[in-house]
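# Observations on chain architecture
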Amino acid sequence: MLGDVVIRRRSVTALAGGVGGAKLVQGLDALVDDLTVVVNTADDAEIYGLSISPDLDTVMYTLAGIADPVAGWGVVDETYTTLEAMAALGERTWFTLGDRDLATHVVRSARRRAGVPLSHVTAGLASALGVRARLLPMTDDRVATMVDTASGRFDFQEYFVGRRHRDEVVGIELDGIEDAAPAPGVLAALTEADVVVLAPSNPFVSIGPVLAVAGVRQALAGTSARRIGVSPIVGGQALKGPAAQMLASLGHEVSALGVARLYVGLVDVFVLDGADRALAGAVEDLGMQVLVTSTVMREVEDRRRLAAEVLAAADTTR
Ligand code: FO1
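For the structure given in this document, a descriptive report is provided here. Counting restarts for each chain, with residues numbered from 1 along the sequence as it is written. Under the rules for a predicted model, residues below a pLDDT of 70 receive no local features and side-chain atom pairs below 80 are neither given nor counted, while totals for whole chains, interfaces and linings still include all residues. Calculated side-chain values reflect all of the structure's heavy atoms, with hydrogen atoms and water omitted.

Before going further, it helps to examine the environment of Leu28. The helix count covers DSSP runs of H or I at least four residues long, the strand count covers runs of E at least two residues long, and both are numbered beginning at the N terminus. Considering the arrangement of structural elements, one finds Leu28 in helix α2 (residues 19-29). By definition in these notes, contact holds between two residues if any of their heavy atoms fall within 4.5 Å. Residue contacts for Leu28: discarding those within four places in its chain leaves Val12, Ala14, Leu35, Val197, Ala307 and Leu311.

In structure tokens form, the structure reads like this:
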């Protein structure tokens, strides 16, 4: 009981991208009162003239308890009347936008067009949906992940959804990153936290863009918080998405060790799945402590269990 109280009082900051990250963040949200989530916005897209922030929305809907439990993104029990009407008008409907989800994008777009920064818009949307944690976009400025493949260069959603991430990725560029300032509160959330968690999100296109925002990598490298990274690769495979293919085609080892190498100097503890137990020694050789546990979050209870283990590791591995 006392342990529970101590966990609740802690200030925790998580860096997260899409579905896998959102699941762990939901587990953390159940355990801590002071949770900040810094979210990738380099996946953001403009569709039908609307500002779409898929990763922010995935985290927001998950924390609000309204995410589609099967896809992990979008809203549960969606209807698609508007998208059907769009198709009838001759529009491409490759990006599946449900009716309730569209309301989020309409409101976000209107507020942004009125000059409200994305961070304020996000706080308003999250609060309206009953989200308790603080959701911060990594930046209020425009950053766009551009994916170079043998078939050409695509913006992220065209590569990921439009082409179902089938192309071999030969390079990733973050358009606009040089001019992007961290959103208000991002650097303080890293330097003032007790624990910083790098969620099991894609290291190149989810965590990578957050780390690339001016000052973020330095803040993480210099914080006195305990920093814990969770591998998004289990048994050499990504649980979701193209992280394993990207590790291979970008010249990295396709394993949790390959991910750990990307986080040298940025995490104190690296969490491996039991399937990767044999990699523990090599990860320790990178200067990280290792927690081996079950990292696959199939059920909602797994999210809370993994979050509790991550928080406990922040103490016990010190
Ligand atoms: N992912 C898909 O695979 N197909 C979709 O049609 C799709 C639509 C979509 C709409 C709104 C939203 O917030 C997310 C959506 N996603 C879709 C997920 C999203 O594109 C990716 O999961 C992230 O960008 C990767 O982190």
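Another point: the nonpolar core. Residues Leu15, Tyr263 and Phe270 are the most contacted members of the largest nonpolar core, which totals 49 residues. Every residue in contact with Phe270, bar those within four places of it in the chain, is listed here: Gly229, Val230, Ser231, Ala256, Val259, Ala260, Tyr263, Val283, Met288, Gln289, Val290 and Leu291. In this description, a nonpolar core means a group of buried Ala, Val, Leu, Ile, Met, Phe, Trp, Tyr and Cys residues linked to one another through side-chain atoms lying within 4.5 Å. Only protein chains enter the area calculation, which uses a 1.4 Å probe; residues under 20% of their type maximum are buried, those over 50% are exposed, and those in between are partly exposed.

Another point: the site of the ligand. Among the 14 residues in the neighbourhood of the ligand, the closest are listed as Asp43, Asp55, Phe95, Thr96 and Gln157. Between the ligand and Asp43, the relevant distance is 2.8 Å, taken from an oxygen atom to a side-chain nitrogen or oxygen of the residue. Bound to the protein, the ligand loses 90% of the 530 Å² it would expose on its own. Contributions of two or more residues to the shell around the ligand are made by α3 (54-64) and α7 (156-162). When residues in the shell around the ligand are grouped by element, the largest group, 4 residues, is from α7. Across the shell around the ligand, the residue classes tally to 8 nonpolar, 3 polar and 3 charged. Any residue with a heavy atom positioned within 4 Å of a molecule or strand is treated as near that molecule or strand. A 3.5 Å cut-off defines polar contacts: any pair of N or O atoms within that distance qualifies, except that in protein one atom must be a possible hydrogen donor and the other a possible acceptor, and neighbouring residues in sequence count only when both atoms are side-chain atoms. Using the Shrake-Rupley algorithm and a 1.4 Å probe, accessible areas are obtained, with residue cover drawn only from the displayed protein chains. Basically, the charged four are Asp, Glu, Lys and Arg, the nonpolar ten are Ala, Val, Leu, Ile, Met, Phe, Trp, Tyr, Cys and Pro, and anything else, Gly included, counts as polar.

The subject of this paragraph is the sheet that holds strand β1 (residues 11-16). For two strands to count as paired, DSSP must find a minimum of two bridges between them. Taken in spatial order, the 7 strands line up as β5-β2-β1-β9-β10-β13-β14 in an open sheet, and their pairing is parallel. Each edge of the open sheet is held by one strand with a lone partner, namely β5 (134-137) and β14 (289-293). The sheet shows a mean angle of 20° between the axes of neighbouring strands, direction not considered. Where strand β13 (residues 269-273) lies against β14, 5 bridges are found, and the strand directions are parallel. Of the residues in β14, the one forming a bridge with Phe270 is Val290. Only the stretch in contact is used when a helix axis is fitted, and all axes are lines through C-alpha atoms; the angle between N-to-C directions ranges over 0 to 180 degrees. Most of the contacts of helix α14 (residues 300-316) go to strand β10 (residues 226-230), to which it runs at about 145°, and overall it touches β1, β9 (195-198), β10, β13 and β14.

On to the packing of aromatic side chains, then. Two aromatic rings from Phe, Tyr or Trp, using only the six-membered ring of Trp, form a pair when their centres are within 6.5 Å; if the ring planes differ by under 30 degrees the pair is stacked, by over 60 it is edge-to-face, and anything between is tilted. According to the stated counting rule, one finds 4 aromatic pairs in the structure shown. Centroid distance Phe156 to Phe160: 5.2 Å. Interplanar angle 25°. Geometry classified as stacked. With Phe156 and Phe160 both in helix α7 and 4 residues apart, this pair spans about one turn of that helix.

Whenever Lys or Arg places a side-chain nitrogen within 4 Å of a carboxyl oxygen from Asp or Glu, that contact is recorded as a salt bridge. Counted under the stated rule, the structure contains 13 salt bridges. In this structure, Arg10 and Asp315 form a salt bridge, with 3.4 Å as the shortest nitrogen-oxygen distance. Residue Arg10 is found in the loop between α1 (2-9) and β1, and its partner Asp315 is found in helix α14; the two are separated by 305 residues along the sequence. Taking relative accessible area as the criterion, Arg10 reaches 10% and is therefore assigned buried. Classification of Asp315 as partly exposed rests on a relative accessible area of 43%. Across the salt bridge formed by Arg142 and Asp175, the nearest N and O atoms sit 3.3 Å from each other. With Arg142 in the loop between β5 and β6 (144-149) and Asp175 in strand β8 (residues 169-175), the pair connects residues that are 33 residues apart, well separated along the chain.

Read across the open sheet, the 3 strands follow the order β7-β6-β8; overall the sheet is antiparallel. The open sheet is flanked by β7 (152-155) and β8, the only strands paired with a single partner. Averaged over all pairs of adjacent strands, the angle between their axes in this sheet comes to 25°, without regard to strand direction. Relative to β8, β6 runs antiparallel, the two being bridged by 6 bridges. Bridge pairing links Met146 to Glu173 in β8.

Assignment of secondary structure puts Asp273 in strand β13. In summary, the charge assignment counts Lys and Arg as positive and Asp and Glu as negative, without counting His or the chain termini. Although Asp273 lies buried, it forms no salt bridge, and the closest oppositely charged side chain, Arg305, sits 7.2 Å away as judged by the N-O distance. Within the structure, the side chain of Asp273 is placed 2.9 Å from the backbone nitrogen of Ala275, a separation counted as a polar contact. A polar atom in the side chain of Asp273 sits 2.7 Å from the backbone nitrogen of Thr295. In this structure Asp273 touches Val234, Val292, Thr293, Ser294, Thr295 and Val296, once residues within four positions along its chain are discounted.

Where α2 meets α3, the closest approach of the two axes is 9 Å, and the angle between their N-to-C directions is 35°. Viewed along their axes, α2 and α3 form a crossing whose handedness is right-handed. Note on element contacts: α3 touches α2 through Thr58, Val59, Thr62 and Leu63, opposite Val19, Ala22, Val25, Gln26 and Asp29. Handedness of a crossing is defined here by the sense of rotation of the near helix relative to the far one, left-handed for an anticlockwise turn of less than a right angle and right-handed for a clockwise turn.

Bringing the pairing of β6 into the picture now. Here β6 lies mainly inside the structure; 5 of its 6 residues are buried. Here β6 pairs with β7 via 4 bridges, running antiparallel. Bridge pairing links Asp148 to Arg153 in β7. Between the end of β6 and the start of β7, which pair antiparallel, lie 2 residues.

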